[in-house]
Amino acid sequence: MTIETRGSWGIAGVALTILFVAFGSIYISVVALTEMAAEHGGKRAIPALAYSLAWFGGAVGGLAMGPIAARIGVRWTVAFGATMAAAGLALSSQGAIWQLYLGHGLLIGALGNAGINAPLLVYTTGWFDRNRGFAIAFVSSGQYLAGAVWPLIFERVIAEIGWRQTMLYFGLLEVAIIVPLALLFLGHRSPEAGAVPGTAAAQPAASAGDLGLKPNTLFALLAIANFLCCVPMAMPTAHLIAFCGDLGLSARTGATMLAVLLGCAIVSRQFWGWMADRVGSLVTLLTCSLAQGLAVAAFSVTQDEAGLYFVAAAFGLGFSGLIPTYIFAIREFFPSREASWRVPTQLLLGGSGMAFGGWFAGYLFDLYAFYAAAFTAGLLFNAVNTAILV
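Everything numeric in this text was worked out from a predicted model, so none of it was measured.

**Quick look at the overall build of the chain**
Stage number 1. Within the chain, the regular secondary structure consists of 16 helices and zero strands.
Stage number 2. Over its C-alpha trace the chain gives a radius of gyration of 20 Å, about what one expects of a compact globule, namely 21 Å for 390 residues.
Stage number 3. Seen through its C-alpha atoms, the chain measures out along the principal axes to roughly 60 × 45 × 30 Å.
Stage number 4. Counting all 390 residues of the chain, 59% fall into the buried class.
Stage number 5. Counting contacts in the chain only where the partners sit at least 6 residues apart, residues at least 24 apart contribute 83% of the total.
Stage number 6. With the model as given, the accessible surface of the chain reaches about 14400 Å², and the carbon-plus-sulfur share is 69%.
Stage number 7. Each charge sign in the chain was given a centre, from 17 positive and 16 negative side chains, and these centres are 10 Å apart.

This is the structure in structure tokens:
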């Protein structure tokens, strides 16, 4: 007997909406990267590091927010997270380097998105059993929907009022949308949370022993692979608009290209979730890793606008299944009672990879004055990830 109901998909829809709004906060610094860098001597590593710290802070904070949500309820961590993210945008809008880093790393990341992302993913998976992979893919698509929609809006708004005012207004919008949704719809206990330990609803579908590994060995390998895949993943998403500018393309073209990339990711992520439900997490992860590696390699040799649109779409189609499938792997191989710390730990490694990749690409650009070096380095990280999964 399944625990899924129509209400399960209602919860998934609310979670998708919240993540869509919440992750808009990190894309302001992506769209305004060159403008923000110009205020600090043209160093792109500075706004790139702010973006990276938001990812890293969100990942680190999730280690605490996951268990806290399990104790006090996910609606409270989500409402708190939205409020802290708004405060982080307000602080970052002041423009000093320390304000950018503290606003993004601590407030938007460790206290903001950390209270939203990991708790929501754990909570939502507790409403599904038959279609858990698809549900994770659907909900986590909120991140990519944010990347597909908000940059197009931010590009126009920043051109009119500047990046500082954009941060202030978006913070107010985030609180106005997320806090009421959390308080109204996230107060119910998930069906899985009420399951008796040892019953089918509380047990994993597979075990590490099926692979000839101890549970923590499998967990460590998944965590390392997660970090390695997210390093190249962050490079195009954080630097595509600036990369287009270096090639003589407009910021509008770059924002549109990023929207195409993440729009393709939204669509394909549903397929990868469907695939994971049928062939398992490990086969899905290997397929996505190979696809991402090919697209990263193509970025390093593509210079024209039409070619970049094609490569951006291919990259979105390939990489989109990785992060949700690592989460699905945790639910596939480990008991539900361990999800509140194992899922945030995986998100920590993935977020750390995203943080390092976004910063590292900016550092290599400042060093060599072109992005091919960054894409080549990303390809090496991807190759090691693929080797682990094989």
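**Some details on helix α8 (residues 132–161)**
Stage number 1. With 30 residues, α8 extends 42 Å between its outermost C-alpha atoms, agreeing within 8% with the 44 Å of an ideal straight helix rising 1.5 Å per residue.
Stage number 2. Following α8 by one or two positions, G162 adopts a phi angle in the positive range, close to 90°.

**As for the pattern of salt bridges**
Stage number 1. Per the stated rule, a full pass over the model turns up five salt bridges.
Stage number 2. A salt bridge links R164 to E39; the shortest N-O distance between them is 2.6 Å. One end of the pair, R164, is in helix α9 (residues 163–185); the other, E39, is in the loop between α3 (33–38) and α4 (45–72), and 125 residues separate them in sequence.
Stage number 3. Taking relative accessible area as the criterion, R164 reaches 31% and is therefore assigned partly exposed.
Stage number 4. Through salt bridges with shared partners, one network takes in E155, R156 and R252.

**Considering the nonpolar core**
Stage number 1. Grouped together as the largest cluster of nonpolar side chains are 114 residues, with contacts concentrated most on I18, V78, L120, L186, M233, F299 and F319.
Stage number 2. Top contributing element to this core by residue count: helix α10 (residues 215–246), with 16 residues.
Stage number 3. Those residues in contact with F319 that sit more than four places away from it in its chain are Y144, M233, T237, L261, L262, A265 and Q292.

**Considering the side chain of Q143**
Stage number 1. Structurally, Q143 can be placed in helix α8.
Stage number 2. Of note is the side chain of Q143, whose polar atom sits 3.3 Å from the side chain of N117.
Stage number 3. Discounting residues that sit within four places of it in the chain, Q143 has contacts with L19, F23, Y27, W55 and N117.

**Some thoughts on the packing of helix α7 (residues 117–125) against helix α15 (residues 339–368)**
Stage number 1. Running from N to C, α7 and α15 point in directions that differ by 130°, and their axes come no closer than 10 Å. Judged by the angle between their axes, α7 and α15 are oblique. Crossing of α7 against α15: the hand is right-handed. Contact residues: α7 offers N117, A118, L121 and V122, while α15 offers A339, V343, P344 and L347.

**Here we look at helix α6 (residues 97–110)**
Every α-helix carries 3.6 residues per turn, so stepping three or four residues along brings you back to the same face.
Stage number 1. Along α6, the sharpest change in direction is near 30° and occurs at G103.
Stage number 2. Buried within α6 are the following residues: Q99, L100, G103, H104, G105, L107, I108, G109 and A110.
Stage number 3. Check the buried side of α6 and you find it contacts α2 (28–31), α3, α4, α5 (74–92) and α9.

**Looking at the packing of aromatic side chains**
Stage number 1. With the rule as written, the count across this model stands at 30 aromatic pairs.
Stage number 2. Seen from their ring centres, F356 and F360 are 5.0 Å apart, and the 20° between their planes marks the pair as stacked. Taken together, the positions of F356 and F360, both in helix α15 and four residues apart, correspond to about one turn of that helix.
Stage number 3. We classify F356 as partly exposed; its relative accessible area is 28%.
Stage number 4. When the centroid spacing of 6.4 Å and the interplanar angle of 35° are considered together, the rings of Y371 and F375 count as tilted.
Stage number 5. Over the ring of F219 we find R342, and its NZ or CZ is 4.8 Å from the ring centre.

**As for the environment of L221**
Stage number 1. Structurally, the position occupied by L221 is in helix α10.
Stage number 2. A residue is classified by how much of its surface remains accessible, and L221, at 35% relative accessible area, is partly exposed.
Stage number 3. It is 20 Å that separates the C-alpha atoms of L221 and S336, two residues lying 115 residues apart in sequence.
Stage number 4. Beyond its immediate stretch of four places on either side in the chain, L221 contacts L213 and I388.

Cut-offs used in this document
Residues numbered from 1 in each chain as written. Predicted model: local features only at pLDDT ≥ 70, side-chain atom pairs only at ≥ 80, totals over all residues. Heavy atoms only, no water. Helix = DSSP H or I, 4+ residues; strand = E, 2+ residues; numbered from the N terminus. Rg over C-alpha atoms; globule rule 2.2 N^0.38 Å. Buried < 20%, exposed > 50% of the residue type's maximum accessible area, 1.4 Å probe, protein only. Contact = heavy atoms within 4.5 Å. Areas by Shrake-Rupley, 256 points an atom, 1.4 Å probe, with all protein chains shown as cover. Lys, Arg positive; Asp, Glu negative; His and termini not counted. Charge placed at Lys NZ, Arg CZ, Asp CG, Glu CD. Expected span 1.5 Å × (residues − 1). Salt bridge = Lys/Arg side-chain N within 4 Å of Asp/Glu carboxyl O. Core = buried A, V, L, I, M, F, W, Y, C linked by side-chain atoms within 4.5 Å. Polar contact = N/O pair within 3.5 Å; in protein donor to acceptor, adjacent residues only side chain to side chain. Axes fitted to C-alpha atoms, helices over the stretch in contact; angles between N-to-C directions. Parallel < 35°, antiparallel > 145°, perpendicular 65-115°, else oblique. Left-handed = near helix turned anticlockwise from the far one by under 90°. Bend = angle between axes of the 7 residues up to and from the residue. Phe/Tyr/Trp six-rings, centres within 6.5 Å; stacked < 30°, edge-to-face > 60°. Lys NZ or Arg CZ within 6 Å of the ring centre and 35° of its normal.

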